[in-house]
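Structural description and commentary
Each chain is listed here by its residues.
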Amino acid sequence: MRRRAFLSGTAAAGGALAATAAGLAPAAAAQSGRRTADAGATPLSVRPADQRYADLRRGTNQRWVGSPERIVLATSTADVVQAVQQAVDSGKHLAVRSGGHCYEDFTTHPDIDVVVDLSRMDDISYDERRRAFSVQPGAPLGRVYDRLYKGWGVYLPAGNCPTVAAGGHIQGGGYGSMSRRDGLAVDHLYGIEIVVVQADGTAKAVTATREPDDPHRELWWAHTGGGGGNFGVVTRYWLRSPDARGSDPSAQLPTPPREVWLSEVAWPWEQLTETRFARLMGNHGDWHTRNSAPDSPYTALFSQLKPFHKSAGAVVLDSLVDAGAPGAERLLQRYVDEVGDGLGVRPQVRQYRRVPWLHATQWPGFTGPDPTIRFKGKSVYARRTYTDAQIAAAYRHLTRDDFHNPSALLMIASYGGAVNRVAPDATAVPQRDSVLKYQVVSLWNDAADDEANIAWVRECYRDMFAATGGVPVPNETNDGCFVNYADVDLGDPRWNTSGVPWHDLYYKGSYRRLQKVKATWDPTGFFRHAQSVQPA
């Protein structure tokens, strides 16, 4: 049922709980790995002979299956410190996994000896001392939304897929359906607890916050978009909005909508000529170019336009709008009308309903695919509407007769709004004037289909950005790539002929600053993967 739902138009993007001072004790107890290793019990490790190994050696993307010597199921910061210290002392290559949604093999590469699995570290609570919500990295976003909302009536404007864990999502700059209204997840990140490796090889837990006088502030900044696996192992996030005041927990993060309107419409491919497809894409891009300023009334609206390969039968538009926004239904209807204006094709209305916000976080129109599939995706930040050449290339690949996969598509998300209210250097996410964020992506089941699907994604993307060397080099139209949609092709001269390195596509001018943080906090380069930040 879930697979079928995805193919029909889904894809990936108060006082009830006791307040605690979570997060303070673990950092203090785990300052030195060499002390803790002797004092505490060894954390649970799963090895190849254990029947759980088959599940734990892989994440969501079934293209990648690891073969580590052991998988450490950490339950505390002390466990993480001990696991990291043991890996350092034994010369083992260690990787960290929270939810396992990595696009590449960064946690499953054959060179990895030890995987620290953080999925059991999933506490969500309120830290009275810091006036911030404490969220551990293994907590899936669906649970984060549920606990924050039921406990305190607040939420974090993070991703749409409820099974993605907070760990890598937040530090990569997470966005979702309410980011146009309330910004990125990292715009509400107050602090982190993180296990780092010092120059002398000692593993240590430290905290870093956004406070101006915090000597570790640059380490906090690096986790507002610097991506996972670069500087250490984050064991806790503290969340509080920059403008929050007072001590009431319900005032420390935004309040979500009470209800939302959900809409899904589709234009059948059999009625879409190339001219009509170009008109549809042009309408969509032009609308976002005009309606994505921070003060636009349309910050209450988010959508995903999903031009599937023609074998799927339709181009789908899934939309959500805050039902409490002035004229919400009118805003939504006007948006759908403007996207379809001039096509001469009436869209099929598949869904139109009003639902409570928390229920909407599970809506399959925006949630990710099931964890039994294989996928490849390549990302784009767009500052304005698509060029004619980009639309023509997309049409050519979406209508190819030599390729048939109804789960191959462009997944185009609304962006901008409150995201663009933040200065480019305030966080490690420098793309702060984009209006769309999208990916060329394909999802499939059988390993025998790897070559065809990967080739389709690569060729479609390359041709859409042929004018800039096969990648979205920052210019008046494009603004690079999203680090959470990791893509090793960006560093491959076969697919990136622009001369712009992969790290400048992700980080732009912020990369030099990230390198300095790396040199300070991971001077030995212990934490590494195919696209990890290199020390200055």
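Bear in mind that the values here come from a model prediction, so they are computed numbers and not experimental data.

**Brief notes about the domain arrangement of the protein chain**
Segmentation of the protein chain into domains returns domain 1 (45-117), domain 2 (124-256 + 512-521) and domain 3 (259-508). Look at where the C-alpha atoms of domain 1 and domain 2 centre, and you get two points 22 Å apart. Between domain 1 and domain 2, the residue contacts involve 10 residues of the former and 15 residues of the latter. Summing both sides of the interface, domain 1 and domain 2 together bury roughly 1000 Å²; the carbon and sulfur share of this comes to 71%. It is T77, S98 and H101 that lose the most area in domain 1 upon contact with domain 2, and together they represent 41% of the buried surface on that side. At the surface where domain 1 touches domain 2, the tally comes to 5 residue pairs in polar contact (both at pLDDT 80 or more). If one sorts the elements of the side of domain 1 that touches domain 2 by residue count, helix α5 (residues 77-90) sits on top with 6 residues. Residue composition of the side of domain 1 that touches domain 2, by class: 5 nonpolar, 5 polar and no charged.

**Section: the packing of helix α10 (residues 274-290) against helix α13 (residues 388-398)**
The geometry of α10 relative to α13 is characterised by a closest axis approach of 10 Å and an angle of 125° between their N-to-C directions. Considering the angle they form, α10 stands oblique to α13. Here α10 and α13 pass one another in a crossing that is right-handed. Across the interface between the two elements, E274, F277, A278, M281 and G282 from α10 touch I391, A392, A394, Y395 and L398 from α13. Residue classes in the contact of α10 with α13 are distributed as 8 nonpolar, 1 polar and 1 charged.

**Quick notes on the side chain of H93**
Among the secondary structure elements, H93 is positioned in the loop between α5 and β3 (94-97). H93 gets classed as buried once you look at its relative accessible area, which sits at 12%. A distance of 3.5 Å separates the side chain of H93 from the backbone oxygen of D111, its partner in a polar contact. A distance of 3.3 Å separates a polar atom in the side chain of H93 from the backbone oxygen of R528. Once you skip the residues sitting within four places of it in the chain, H93 turns out to touch D111, I112, D113, V114 and R528.

**A word on the sheet that holds strand β11 (residues 301-307)**
Ordered in space as β13-β10-β12-β11-β15-β16-β14, the 7 strands form an open sheet in which the pairing is antiparallel. Two strands bound the open sheet, and with one partner strand each, they are β13 (348-356) and β14 (374-382). Strand-to-strand twist in this sheet, taken as the mean axis angle between neighbours without regard to direction, amounts to 15°. Together, β10 (259-268), β11, β12 (314-322), β15 (408-414) and β16 (436-444) form the strand contacts of α10, whose direction differs from that of β11 by roughly 155°.

**Notes on the sheet that holds strand β5 (residues 124-127)**
With antiparallel pairing, the 5 strands of this open sheet are ordered in space as β5-β6-β9-β7-β8. Pairing within the sheet leaves two strands with one partner each, and these edge strands are β5 and β8 (203-209). Neighbour-to-neighbour, the strand axes of the sheet open up by a mean angle of 25°, direction not taken into account. As paired elements, strand β7 (residues 189-197) and strand β9 (residues 233-239) share 6 bridges and run antiparallel to each other. Residue pairing for β9: I192 is matched across the bridge by Y237.

**Overview of the nonpolar core**
Considering soluble globular proteins, one finds that nonpolar side chains tend to be buried as a cluster. Ranked by internal contacts, the top residues of the largest apolar core, which has 132 residues, are L148, L219, W267, L410 and M464. Viewed by domain, this core spans two of them, domain 2 (124-256 + 512-521) and domain 3 (259-508), each represented by three or more residues. Formed by 19 residues, the second largest nonpolar core is a distinct cluster that contains A74, V80, V195 and V197.

**Some words on the side chain of D522**
For D522, the position within the fold is in the segment after α16 (511-521). Taking the relative accessible area as the measure of exposure, D522 reaches 0% and is therefore buried. Excluding anything up to four places from it in sequence, D522 contacts V197, N230, F231, V517 and F527.

**Structural notes on the pairing of β5**
Alternating positions in β5 separate into two faces, I124 and Y126 on one and S125 and D127 on the other, with burial throughout. Relative to strand β6 (residues 132-135), β5 is paired through 4 bridges, and the arrangement is antiparallel. Considered in β6, the bridge of S125 is made with S134. The hairpin turn running from β5 into β6, its antiparallel successor, is 4 residues long, and R131 in that turn takes a positive phi close to 55°.

**So, the packing of aromatic side chains**
Evaluation of the coordinates by the stated rule reveals 28 aromatic pairs. A centroid spacing of 5.2 Å and a plane angle of 70° characterise the contact between Y149 and W357, whose relative ring orientation is edge-to-face. Remark: W357 occurs in helix α12 (residues 357-360) and Y149 occurs in helix α6 (residues 141-152); sequence separation between them is 208 residues. For the ring pair Y506 and Y507, a centre distance of 6.0 Å and an interplane angle of 65° mean the geometry is edge-to-face. You'll find Y506 and Y507 in the same group, each marked buried. In textbook terms, an aromatic cluster arises when at least three aromatic residues are bridged by ring pairs, as seen for Y103, Y175, F375, Y381, Y415, F482 and Y485. Directly above the aromatic system of W238 lies the positively charged group of R130, at a separation of 4.1 Å from the ring centroid. Positioned above the aromatic ring of F482 is the side chain of K437, whose terminal nitrogen or guanidinium carbon lies 3.3 Å from the ring centre.

**Observations concerning the pattern of salt bridges**
Per the stated rule, a full pass over the model turns up 33 salt bridges. In this structure, D341 engages R279 in a salt bridge whose closest nitrogen and oxygen atoms are separated by 3.2 Å. Taken as a pair, D341 in the loop between α11 (328-339) and β13 and R279 in helix α10 lie far apart in primary sequence, 62 residues in all. Using a relative accessible area of 44% as the deciding quantity, one classes D341 as partly exposed.

What counts and how
- Residues numbered from 1 in each chain as written.
- Predicted model: local features only at pLDDT ≥ 70, side-chain atom pairs only at ≥ 80, totals over all residues.
- Heavy atoms only, no water.
- Domains from an automatic or database assignment.
- Contact = heavy atoms within 4.5 Å.
- Buried area = accessible area lost by both parts, 1.4 Å probe.
- Polar contact = N/O pair within 3.5 Å; in protein donor to acceptor, adjacent residues only side chain to side chain.
- Helix = DSSP H or I, 4+ residues; strand = E, 2+ residues; numbered from the N terminus.
- Nonpolar A, V, L, I, M, F, W, Y, C, P; charged D, E, K, R; others polar.
- Axes fitted to C-alpha atoms, helices over the stretch in contact; angles between N-to-C directions.
- Parallel < 35°, antiparallel > 145°, perpendicular 65-115°, else oblique.
- Left-handed = near helix turned anticlockwise from the far one by under 90°.
- Buried < 20%, exposed > 50% of the residue type's maximum accessible area, 1.4 Å probe, protein only.
- Pairing = 2+ DSSP bridges.
- Core = buried A, V, L, I, M, F, W, Y, C linked by side-chain atoms within 4.5 Å.
- Phe/Tyr/Trp six-rings, centres within 6.5 Å; stacked < 30°, edge-to-face > 60°.
- Lys NZ or Arg CZ within 6 Å of the ring centre and 35° of its normal.
- Salt bridge = Lys/Arg side-chain N within 4 Å of Asp/Glu carboxyl O.

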